[in-house]
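Residues per chain are reported as follows:
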Amino acid sequence: MQFKNIIGHEQVKKHLINTVKENRVSHAQLFLGPEGSGNLALAVAYAQYINCENKQASDSCGNCNSCNKYQKLIHPDLHFSYPFYATKETPVASSYLEQWRKSFLANPYLSLDYWRESLDGGNKQANINIAEAHDIIKKLSFKSFEADYKVLILWLPEYLDIQGNALLKLIEEPPEKTLFLLVCENQDRILNTIISRTQLIKINKFSHQDVVKYLTEQKSITSSRAAELAFIADGNIQQALNLIEHDENPYFKRLISWLRFIVTDSGLNIIKFCDVDFPKLGRENQKNFLLYAINMLRQIILMQQGLEQLVLLQGEELEFVKKFSENYSLPQLEEAINLLEQTHYKVERNANPKILFLDVSLQLVLIFKYQTFPQGTQYIQ
Ligand SMILES: [Zn+2]
């Protein structure tokens, strides 16, 4: 993987290259970025650059012996660790190395869900267990075969749990010429002891334009459709890829119906929606739906503030945004966004969807129909 194969992130790429040029490559680094942000791809490109035998000013050469092996992920001094399903036959992450190479090379922006699906582990929980932590220690204790630097890329240390402690000493005092690149999505979920021992590389979600460019140039999608998908994906390439398979925006109709029931205070319809429709979506889609709803409300605010040129929508979504912006006030919209953000957080924390969505619906009725702003939430977890 070369830097040029990854869209956007020019600043981060420059920074990473400078650490090599200025000879200040830190031996343990944490690539923190949300799902679909390319954080894993950047870590791989960085490792390839460090070991390239013919480094160019702004990228690895792509042709040397090291680059050739890196590009297929078969370099003997490049190691990966990632969440997996441990069984008797597959005791450590490298039992899945072939699938891993295939998945990453097919989609370097992959999410954990995408990876899980390629593993086909049913409902089991993928994680990084103690046997894997010991396997990492073992691998890194060998001398490097041919590269300057041995590299371990550990994807999603969030799934290390307490096993992470076994790795602390290694992260703190790694063997000579050994790099630890941890790639994580959620800083709150990894051990503080790991965070304090690593240098942070922060990676933002992709911009709307980056996602549009990716979809039009690499997936041959028309620019109007790409704009629509990019809006829903909100900077997450994996999400954009998932959406390509849908014929139409799966969230728009749902949002319209929901809001219609809310602004008319249609109690029975709201209850049905919360009892049946929302739980059926499953947690990931509930979260995506909420992010979509938040984004739409933000577009409505832009429209209302006379910033139509910044609105990223077209067609019936744009019509909807126009109409809604004429009928509701800024405080109402802001309060609703606030509420949906809290809801997103609670979905992530495993709240019961029926109760949660009913509660948020009733609060939205108060906000939009009665212009009453509830103090905090009535819902207690
Ligand atoms: Zn090279």
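This write-up is about the structure you can find in this document. What you see as residue numbers is a count from 1 along each chain, following the sequence as written. Local features in this predicted model are restricted to residues of pLDDT 70 or higher, and side-chain atom pairs are both shown and tallied only at a pLDDT of 80 or more, whereas totals for entire chains, interfaces and linings draw on every residue. Where side-chain values are given, they derive from all heavy atoms of the structure, hydrogens and water being excluded.

## Points about the coordination of the zinc ion
Water is not among the atoms examined, so metal sites may look incomplete; donors are the N, O and S atoms within 2.8 Å of the metal, or within 3.2 Å for Na, K and Ca. The protein atoms that coordinate the zinc ion are Cys52 (SG), Cys61 (SG), Cys64 (SG) and Cys67 (SG), at distances of 2.3 to 2.4 Å. Seen from the zinc ion, its 4 donor atoms lie at angles of 102 to 120 degrees, and the figure they make is tetrahedral. Expressed as a motif, the donor residue spacing for the zinc ion is C-x8-C-x2-C-x2-C. Here the residue cysteine 52 occupies a position in the loop between helix H2 (39-51) and helix H3 (65-71), and cysteine 67 occupies one in helix H3, the gap between them amounting to 15 residues. The residues cysteine 52 and cysteine 67 share a single accessibility class, namely buried. Only four donors with every angle between 85 and 135 degrees are called tetrahedral; only four or six donors with opposite donors over 155 degrees apart and all others between 65 and 115 are called square planar or octahedral, in that order; all others are irregular. Going along the chain from the N terminus, every DSSP run of H or I of four or more residues is numbered as a helix, and every run of E of two or more is numbered as a strand. Only protein chains enter the area calculation, which uses a 1.4 Å probe; residues under 20% of their type maximum are buried, those over 50% are exposed, and those in between are partly exposed.

## A look at helix H5 (residues 112-119)
Within the sequence span of H5, burial applies to Leu112, Trp115 and Leu119. One side of H5 carries all its buried residues, which in axial view fall inside an arc of 65 degrees. Just downstream of H5, aspartate 120 is the residue with a positive phi angle, here 55 degrees. Relevant arc is that of directions from the helix axis to the C-beta atoms, nothing else.

## Remarks on the pattern of salt bridges
Where side chains of opposite charge bring their charged atoms close, a pairing between them can arise. Within this document, salt bridges are pairs made up of a side-chain nitrogen of Lys or Arg and a carboxyl oxygen of Asp or Glu, the two lying within 4 Å of each other. Within the structure shown, the criterion is met by 17 salt bridges. Three or more residues joined by partner-sharing salt bridges are found here, namely Asp135, Lys138 and Lys139.

## Here's the deal with the sheet that holds strand S1 (residues 28-32)
At least two DSSP bridges between two strands are required for those strands to pair. If you trace the 5 strands from one edge of the open sheet to the other, you get S2-S3-S4-S1-S5, paired in parallel fashion. Bordering the open sheet on either side are strand S2 (78-81) and strand S5 (199-202), each of which pairs with just one other strand. Along the sheet, successive strands turn relative to each other by an average axial angle of 20 degrees, direction set aside. Relative to strand S3 (residues 150-155), S2 runs parallel, the two sharing 4 bridges. Throughout, an axis means a line fitted to C-alpha atoms (over the contacting stretch in the case of helices), and angles, computed between N-to-C directions, take values from 0 to 180 degrees.

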